[in-house]
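# Overview (structure and organization)
Residue strings, one per chain:
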Amino acid sequence: MWFEAEDAERARAFAARCGAGLYDEAGSPGSPEALRPEAYDEKTARLLLGGISRTTLYRELALRRLDRVPGTRRVLVTRASIERRCRVTRRN
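Residues numbered from 1 in each chain as written. Predicted model: local features only at pLDDT ≥ 70, side-chain atom pairs only at ≥ 80, totals over all residues. Heavy atoms only, no water.

Helix and strand counts for the chain stand at five helices and two strands. Secondary structure elements of the chain occur, N-terminal to C-terminal, as α-α-β-α-α-β-α. A total of 92 residues make up the chain; the buried ones form 22% of that total. Considering only contacts within the chain whose residues lie at least 6 apart along the sequence, 40% involve residues at least 24 apart. Accessible surface computed for the chain: about 6,900 Å², of which carbon and sulfur atoms make up 50%. (Helix = DSSP H or I, 4+ residues; strand = E, 2+ residues; numbered from the N terminus. Buried < 20%, exposed > 50% of the residue type's maximum accessible area, 1.4 Å probe, protein only. Contact = heavy atoms within 4.5 Å. Areas by Shrake-Rupley, 256 points an atom, 1.4 Å probe, with all protein chains shown as cover.)

Okay, here's the thing in structure tokens:
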């Protein structure tokens, strides 16, 4: 979800009222950066990581090789941690 707020404090308050986590600032809705999600659901994250199993994904989260979006019930893996993990895997 993308929304605009006057400052970070108001953005946090709005996200809390909606029951959502606040991850980071994004560009305007029409910008290419705003079109890329900040986090992926469990199934999409597994596909992006080469089709790994659900068990492997949860192991990576437990070992903190991947990061979850805090404050959510669903497993949402951050885009930054997936990109970081892919870079580490390519080097090895």
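Moving on from the coordinates now.
So, about the nonpolar core. In this structure, Tyr40, Ala45, Leu49, Ile52, Leu57, Leu61, Leu66, Val75, Val77 and Ile82 together form the largest nonpolar core, which totals 10 residues. Apart from the residues lying within four places of it in its own chain, the contact partners of Leu66 are Leu49, Leu57, Glu60, Leu61, Val77, Ser81, Ile82, Arg84 and Arg85. (Core = buried A, V, L, I, M, F, W, Y, C linked by side-chain atoms within 4.5 Å.)

This part takes up the confidence of the model for the chain. Looking at the chain as a whole, its pLDDT mean stands at 79, while 70% of the residues score no less than 70. At the level of individual helices and strands, the chain shows its lowest average pLDDT in helix 2 (residues 32-35), which scores 50, and its highest in helix 4 (residues 54-62), which scores 96. (pLDDT = per-residue confidence, 0-100.)

What follows concerns the side chain of Thr78. Among the secondary structure elements, Thr78 is positioned in strand 2 (residues 76-78). Assessed through its relative accessible area of 3%, Thr78 is described here as buried. Among the polar contacts listed, one links the side chain of Thr78 to the side chain of Ser81, at a separation of 2.9 Å. (Polar contact = N/O pair within 3.5 Å; in protein donor to acceptor, adjacent residues only side chain to side chain.)

The subject of this paragraph is the side chain of Glu42. Structurally, the position occupied by Glu42 is in helix 3 (residues 42-48). Of note is the side chain of Glu42, whose polar atom sits 2.7 Å from the side chain of Arg46.

Considering all chains together, one arrives at seven salt bridges under this definition. A salt bridge links Glu60 to Arg65; the shortest N-O distance between them is 3.1 Å. Through salt bridges with shared partners, a single network forms among Glu38, Arg79 and Glu83. (Salt bridge = Lys/Arg side-chain N within 4 Å of Asp/Glu carboxyl O.)

Our focus in this paragraph is helix 4. Listing the buried residues of helix 4 in full gives Leu57, Glu60 and Leu61. Down the axis of helix 4, the smallest arc covering the buried residues is 100 degrees, so these residues share one side. For helix 4, the exposed residues lying more than 90 degrees away from the buried face are Thr55 and Ala62. Positioned one or two residues after helix 4, Arg64 has a phi angle of 65 degrees, which is positive. (Arc of directions from axis to C-beta.)

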